[in-house]
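One-letter residues, chain by chain:
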Amino acid sequence: MQAMNKTRRIMEQGGTHFSNAFSTTPMCCPSRSSILTGKYVHNHHTYTNNENCSSPSWQAHHEPHTFAVHLNNSGYRTAFFGKYLNEYNGSYVPPGWKEWVALVKNSRFYNYSLCRNGVREKHGNNYPKDYLTDLITDDSINYFRASKRMFPHRPVMMVMSHAAPHGPEDSAPQYSTAFPNASQHITPSYNHAPNQDKHWILRYTGAMKPIHMQFTNMLQRRRMQTLLSVDDSVEKVYNMLLETGELDNTYIIYTSDHGYHIGQFGLVKGKSMPYEFDIRVPFYIRGPNVEPGAINSHLVLNIDLAPTMLDMAGADIPSDMDGKSILKLLDTDKPVNRFQLNKKGKMWRDSFLVERGKPLHKRADGKDMAQEENFLPKYQRVKDLCQKAEYQTSCEQPGQKWQCVEDPSGKLRLYKCKPGMASLYAPRMQALMASAGSQMYRGVSNSDDCDCGPLGFKTTGLKRKKLLTKKKLKSSKSVSKNRWARSIPFELDGDLYAVDLEEGYRPVGTTNTSWTADAGREPGVGEEDNEEFSGMGVTVRPTTSNSLNPPSSLKVTYRCSILLNDTVRCDGGLYKSLQAWKDHKLHIEHEIETLQTKIKNLREVKGHLKKVRPEECQCNSPSYLFKNKGAFRLHAGHIHSLKMPSKQKKQWMMKEQKRRKKLRKLLKRLRNNDTCSMPGLTCFTHDNQHWQTAPFWTMGPFCACTSANNNTYWCLRTINDTHNFLFCEFATGFIEYFDLNTDPYQLINGVSTLDRNALNSMHQQLMDLRGCKGHKQCNPEKGGKERNSFSEYRPVHRRKRPKVKKPSSKSLGQIWEGWVG
């Protein structure tokens, strides 16, 4: 707001500023869905910018109940201009809107498409007629004037949803030189990294490099430049209302869907964090009976917008809306006389829920289960598991499936127990991979007598002779041949692949056109040393070669290779820079985890094939079909079910869709030579071509990661006369607590300062909010001055108590199950 002087003059001096306004989910589509419906994310189920964002389920169950539908039914002429939802495809006009001019898909300022009342409208890069911010402003003003001219007695409700300051941060030409020294983003938490007391992504994120810091300065400048056009927009709408005589008869609300961070805690840019810089939003309102120049400190949320607008129109507020109308907060308090000493202050919430990400999966016993793919460092998860007694014996316990073994390097490894064996073949992962590869080859070549067709993945049409040849290659002493031979051929969607147990998915050369690892390589030519193959996935370049000539060196990562004499060679930078060494080591750990996940999936497929192996060669006989009625056929991308329960079939199809989606993403990354993306992390690349308008970026490409798959959380945010804190529980079991009275920038996790009773009390209130439905359950109200149960939440170090006998753990009670300290 510091860049928007016109807006502040109009809205601050002429209206009321709510100084404690928040978004309950700091992400675009979830927050916008909450604004439209007045509901928390757990009640409208738009969990992320992809999950259920403008989906068929959203269109069927929630879109027909937005505030626009209720206002339209009340006689309002409703209009929407600008960005709607991230995944909106422009194929329809949502119910409740008389005038509809919405951006198709996500934010852009040029070269975008609009859905104008159901008709697609393409725009180019001509500033006077295509710049989105100005187009939204002009269209909305024209609509309001025309509506008042044609229907002078009908009320109007307009939403102007500007894309600014969202990326790609293209400003109007006249503002491209503004704010040359923008530094508002540099706060005490700027580049405060790493943070070992916070959740995983912040422990993983180190301090920014100089190029990242230069980028944050440029990004802040460009974002503020785009807001100058929004500032002009607010002034134009204000002047239009003044000219038409409707200013004193109109409520104007100015707010945002979420906050933003630029460099805070070392995160280069983004949102989706539960901290103040992402959840706080500006919130101004002016209109009839609104006190000008006032500052209101009550908590207001994005879910309050829908019920507030319905209250302004005199319409009934549905009971299933989680938010509340803020109109009663705008009433000016009258002085209390001496005969009304017991008059109570306004009753309003002092706590709310901040939530982000999908809910936890349910196990068969009905209990919550932690996220399956949290992508924490493998060594950390293995170390935690190895503390359990069930993993510490050598496969001797009845029913034991896994055991912990320390390898020669001192790292703990989890190995699967084999029936009748005290341990696995060898503790080294290399031997484990080799043995797994040989077992899979034996599974492929077992069909000596007949071939009954595919179940699950189709094995390739390679003859037994070729498979035996690969076995011989595997048993050879050559290091390079050993590494090339560890692969299992299979066919997926009509394409032939080999799963390399050390390097991920690698195409197999056959006599027909297939895929190989080198672009433009002539048949028989080995790999080049300068090829930057990370060993993570499939390459997608065709060739007709079927040779397997061993290379002079094996490129394992983009910086390290293994030579024929089994020695490792890396580029010189890794041996000189400690930071480069750490970064590359983390990169390797992520790649190892990715490959191990692929191995796990392949073993599941192998187990499935063992279960459904046909006993007879009459594959089409009724007896064969009856025996295998619970199996699936995967053929050319089509799924054929044989009398499988619909629920089980649906689960299998969803799992298969996710697997295919992951494979498509992997192919896309490798096709684009993307070495930035890492498993479980949300990363982005930036280069000199990203911004097409001034000011330009000229410092070259870089990569940065902004979030993680395990960044799912539920937080309790409380502000009252005595307390101002944030309490968060993450899906990984991690807990954070910040007392903002003493730590306003949330630099130190103070969960260790809380006693057990406080933790249990906050956890219980958080659980109540996580399951709340409707405004009665979702708004625990507290009086203005009354003390409440939060008095027990004071940190231990702030209390001065007399020395008394310390109570036992039984009297304190146990912390809830699943707590991770």
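Residues numbered from 1 in each chain as written. Predicted model: local features only at pLDDT ≥ 70, side-chain atom pairs only at ≥ 80, totals over all residues. Heavy atoms only, no water.

(A) Just the overall build of the protein, in detail. Within the protein, the regular secondary structure consists of 22 helices and 32 strands. In the protein, which comprises 821 residues, the share counted as buried stands at 50%. Looking at the protein alone, contacts between residues at least 24 apart form 64% of all its contacts between residues at least 6 apart. Taken as a whole, the protein presents about 41,600 Å² of accessible surface, with 51% of it coming from carbon and sulfur. (Helix = DSSP H or I, 4+ residues; strand = E, 2+ residues; numbered from the N terminus. Buried < 20%, exposed > 50% of the residue type's maximum accessible area, 1.4 Å probe, protein only. Contact = heavy atoms within 4.5 Å. Areas by Shrake-Rupley, 256 points an atom, 1.4 Å probe, with all protein chains shown as cover.)

(B) Representation of the side chain of His44. Its place among the elements puts His44 in helix H3 (residues 41-44). Among the polar contacts listed, one links the side chain of His44 to the backbone oxygen of Pro30, at a separation of 3.5 Å. Residues contacting His44, with those up to four places away along its chain left out, are Pro30, Ser33, Ser34, Thr37, Lys39, Asn52, Trp58 and His62. (Polar contact = N/O pair within 3.5 Å; in protein donor to acceptor, adjacent residues only side chain to side chain.)

(C) Spotlight on the sheet that holds strand S9 (residues 294-301). An order of S7-S8-S1-S9 is seen for the four strands of this open sheet, with the pairing classed as mixed. The sheet is open, and its two borders are formed by strand S7 (252-255) and S9, each paired with just one other strand. Across the sheet, the mean angle from the axis of one strand to that of its neighbour is 25°, orientation sign disregarded. By the bridge criterion, six bridges tie strand S1 (residues 16-22) to S9 in an arrangement that is parallel. In the strand pairing of S9, Thr16 is matched with Ala294. (Pairing = 2+ DSSP bridges. Axes fitted to C-alpha atoms, helices over the stretch in contact; angles between N-to-C directions.)

(D) View of the nonpolar core. Counting residues in each nonpolar core, the largest one holds 88 residues, and the members touching the most others are Phe67, Tyr84, Trp97, Ile201, Leu681 and Phe727. One finds Phe81, Phe109, Tyr131 and Val230 within the second-largest nonpolar core, a separate group that totals 36 residues. (Core = buried A, V, L, I, M, F, W, Y, C linked by side-chain atoms within 4.5 Å.)

(E) Inspection of a positive patch on the surface at higher detail. On the surface, Lys401, Lys416, Arg603 and Lys610 cluster together into a patch of positive charge. The topology assignment puts Lys401 in the loop between helix H12 (378-385) and strand S14 (402-406). (Patch = residues over 30% accessible without salt bridge, like charges linked within 9 Å, V, L, I, M, F, W, Y side chains within 5 Å. Salt bridge = Lys/Arg side-chain N within 4 Å of Asp/Glu carboxyl O. Lys, Arg positive; Asp, Glu negative; His and termini not counted. Charge placed at Lys NZ, Arg CZ, Asp CG, Glu CD.)

(F) Looking closely at the pattern of salt bridges. In total, this model carries 18 salt bridges according to the counting rule given. As a salt-bridge pair, Glu235 and Lys6 come within 3.5 Å of each other at their nearest N and O atoms. Of this pair, Glu235 sits in helix H9 (residues 210-244) while Lys6 sits in helix H1 (residues 5-14), and the two are 229 residues apart along the sequence. The class for Glu235 is partly exposed, based on a relative accessible area of 23%. Counted as one network, the salt bridges with shared partners bring together Lys6, Arg9, Asp232 and Glu235.

(G) Up close: the state of the cysteines. One pass over the structure, following the stated rule, counts five disulfides. Residue Cys29 pairs covalently with Cys53 via a disulfide, S to S 2.0 Å. Classification of the bridge connecting Cys29 and Cys53 rests on its S-S torsion, roughly 95°, and on that basis the disulfide is right-handed. Taken together, the residues span a long stretch of sequence, with Cys29 in helix H2 (residues 28-37) and Cys53 in the loop between H3 and helix H4 (56-61) at a distance of 24 residues. Considered together, Cys29 and Cys53 belong to a single accessibility category, that of buried residues. Note on cysteine connectivity: Cys560 is disulfide-linked to Cys570, with sulfurs 1.9 Å apart. Measuring handedness by torsion sign, the sulfur bridge of Cys560 and Cys570 sits at about 110° and is right-handed. Note that Cys560 is positioned in strand S23 (residues 560-563) and Cys570 in strand S24 (residues 568-570), a separation of ten residues in sequence. For Cys560, a relative accessible area of 9% gives the class buried. (Disulfide = S-S within 2.5 Å.)

(H) Focus on the confidence of the model for the protein. The share of residues in the protein with pLDDT of 70 or more is 69%, and the mean pLDDT across the chain is 76. The model gives residues 421-550 a pLDDT under 50, and that stretch makes 269 contacts with residues more than four places away or in other chains. Here residues 783-792 is modelled with pLDDT under 50, and outside its nearest four sequence neighbours on either side it reaches 24 contacts, counting other chains as well. (pLDDT = per-residue confidence, 0-100.)

(I) Geometry of the sheet that holds strand S4 (residues 113-116). Across the sheet, five strands lie side by side as S5-S4-S3-S2-S6; this open sheet has mixed pairing. Strands with a single pairing partner mark the edges of an open sheet, and in this sheet they are strand S5 (119-122) and strand S6 (156-161). Averaged over all pairs of adjacent strands, the angle between their axes in this sheet comes to 15°, without regard to strand direction. Strand direction decides the pairing type here: strand S2 (residues 77-83) and strand S3 (residues 99-103), joined by five bridges, are parallel. Residue pairing for S3: Ala79 is matched across the bridge by Glu99.

(J) Structural context of the side chain of Asn749. Looking at the secondary structure, you find Asn749 in the loop between strand S31 (735-739) and helix H20 (756-770). Only 3.2 Å separates the side chain of Asn749 from the backbone oxygen of Ile735, close enough to count as a polar contact. Polar side-chain contacts of Asn749 include one of 2.9 Å to the backbone nitrogen of Tyr737.

(K) Up close: the packing of aromatic side chains. Counted under the stated rule, the structure contains 29 aromatic pairs. Their ring planes at 70° and their centres at 5.4 Å tell us that Tyr88 and Tyr92 sit as a pair that is edge-to-face. Tyr88 gets classed as buried once you look at its relative accessible area, which sits at 0%. For Tyr92, a relative accessible area of 16% gives the class buried. Considering the side-chain rings of Trp697 and Phe702, the 5.9 Å spacing of their centres and the 70° angle between planes classify their relative orientation as edge-to-face. A single burial state applies to Trp697 and to Phe702, both of which are buried. Cluster of aromatic residues (ring-pair linked, three or more members): Phe67, Phe80, Tyr84, Tyr88, Tyr92, Trp97 and Trp100. Directly above the ring of Phe734 sits Arg203, whose terminal nitrogen or CZ lies 5.2 Å from the centroid. (Phe/Tyr/Trp six-rings, centres within 6.5 Å; stacked < 30°, edge-to-face > 60°. Lys NZ or Arg CZ within 6 Å of the ring centre and 35° of its normal.)

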